[in-house]
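Okay, here's what each chain looks like letter by letter:
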Number of protein chains: 2
Amino acid sequence: MTDVTHPLPPQGAVAVIFVSMRTDADQPGYDAAAGAMMALVARQPGYLGADSARGADGFGITVSYWADEASARAWRAVAEHAAVRALGRARWYAHYRLIVSQVTRAYAWHRGEPVSE
Amino acid sequence: MTDVTHPLPPQGAVAVIFVSMRTDADQPGYDAAAGAMMALVARQPGYLGADSARGADGFGITVSYWADEASARAWRAVAEHAAVRALGRARWYAHYRLIVSQVTRAYAWHRGEPVSE
């Protein structure tokens, strides 16, 4: 995702921080699954958007934003998502961390705009 | 950062999510400032570690973890950090977002370990 089109998450939203290191295995399978998950999560109730970046070394961070704890947990329970997580552990990730947090405040700045932070 | 050596942030820790798009300007200056900030932040009271990834397209995410809200705010007030933020707006970033959140839970998985999430 090279640009940020979703609104800033409001106070009280849930930010799920997924920090991962890719193996060098199965890039086509990983790309296909990532695309399928992006399409699926976008239809999930309470989904507010996501930001994602991965460096050439395979280390990446994806943050997804949710209206509340219940919607974040519901996404975790979606069967297709659970199946892809299992594939991730079998093939695509060397290690990962999942950090769930609650948004307290947020700011944005674009070039040419005044600074609000 | 290609590996994760800091402990998982505990419940109640503060996660500061910095989402940014680099301009294509001044890569040497950016790299030097990033290195200097990494060295400075590591000595900051309450600093618990950070994860950072940036793709070839210039879109990046850095998450820093803090013992509490006070230590996260204190880092924001450090003069060298404020000066580098101003340079970032002048030169290095096309846009950015800063999302401050409080950790509610965290999990880690490494290949070969059982799944705890």
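Please read all numbers here as calculations on a predicted model, not as lab measurements. (Residues numbered from 1 in each chain as written. Chains lettered and ligands numbered in written order. Predicted model: local features only at pLDDT ≥ 70, side-chain atom pairs only at ≥ 80, totals over all residues.)

## Considering the confidence of the model for chain A
Logical step 1: Taken residue by residue, chain A gives an average pLDDT of 93. The fraction at 70 or more is 95%.
Logical step 2: This prediction of the complex comes with two scores: 0.94 for pTM and 0.93 for ipTM. (pLDDT = per-residue confidence, 0-100.)

## Comments concerning the relation of the copies chain A and chain B
Logical step 1: Superposing chain A onto chain B takes a rotation of 180 degrees combined with a translation of 0.0 Å along the rotation axis, leaving an RMSD of 0.0 Å. The symmetry that links the two subunits is that of a two-fold axis. Using C-alpha coordinates, one finds that chain A approaches the rotation axis most closely at Gly55(A), a distance of 2.3 Å.
Logical step 2: By residue overlap, the copies meet face to face through one surface: 100% of the interface positions of chain A are interface positions in chain B. (Least-squares fit on C-alpha atoms with pLDDT ≥ 70 in both. Contact = placed C-beta atoms within 7 Å.)

## Some remarks on the interface of chain A and chain B
Logical step 1: Contact residues are listed per partner, giving 39 residues for chain A and 39 residues for chain B.
Logical step 2: Counting residues per element, the side of chain A that touches chain B draws most heavily on strand S4 (residues 93-110) of chain A, at 17 residues.
Logical step 3: Looking at the side of chain A that touches chain B residue by residue, the classes come out as 23 nonpolar, 8 polar and 8 charged.
Logical step 4: Sheet analysis places S4(A) next to strand S4 (residues 93-110) of chain B, joined by 15 bridges and oriented antiparallel. (Helix = DSSP H or I, 4+ residues; strand = E, 2+ residues; numbered from the N terminus. Nonpolar A, V, L, I, M, F, W, Y, C, P; charged D, E, K, R; others polar. Pairing = 2+ DSSP bridges.)

## A short note on the sheet that holds strand S3 (residues 59-66) of chain A
Logical step 1: Here we have 8 strands laid out as an open sheet, ordered S2(A)-S3(A)-S1(A)-S4(A)-S4(B)-S1(B)-S3(B)-S2(B), and antiparallel in their pairing. Because the sheet does not close on itself, it has two edges, and the strands there are strand S2 (47-54) of chain A together with strand S2 (47-54) of chain B. Averaged over all adjacent pairs, the angle separating strand axes in this sheet is 25 degrees, with direction ignored.
Logical step 2: Strand direction decides the pairing type here: strand S1 (residues 14-22) of chain A and S4(A), joined by 9 bridges, are antiparallel. Within S4(A), the position partnered with Phe18(A) by the bridge is Leu98(A). (Axes fitted to C-alpha atoms, helices over the stretch in contact; angles between N-to-C directions.)

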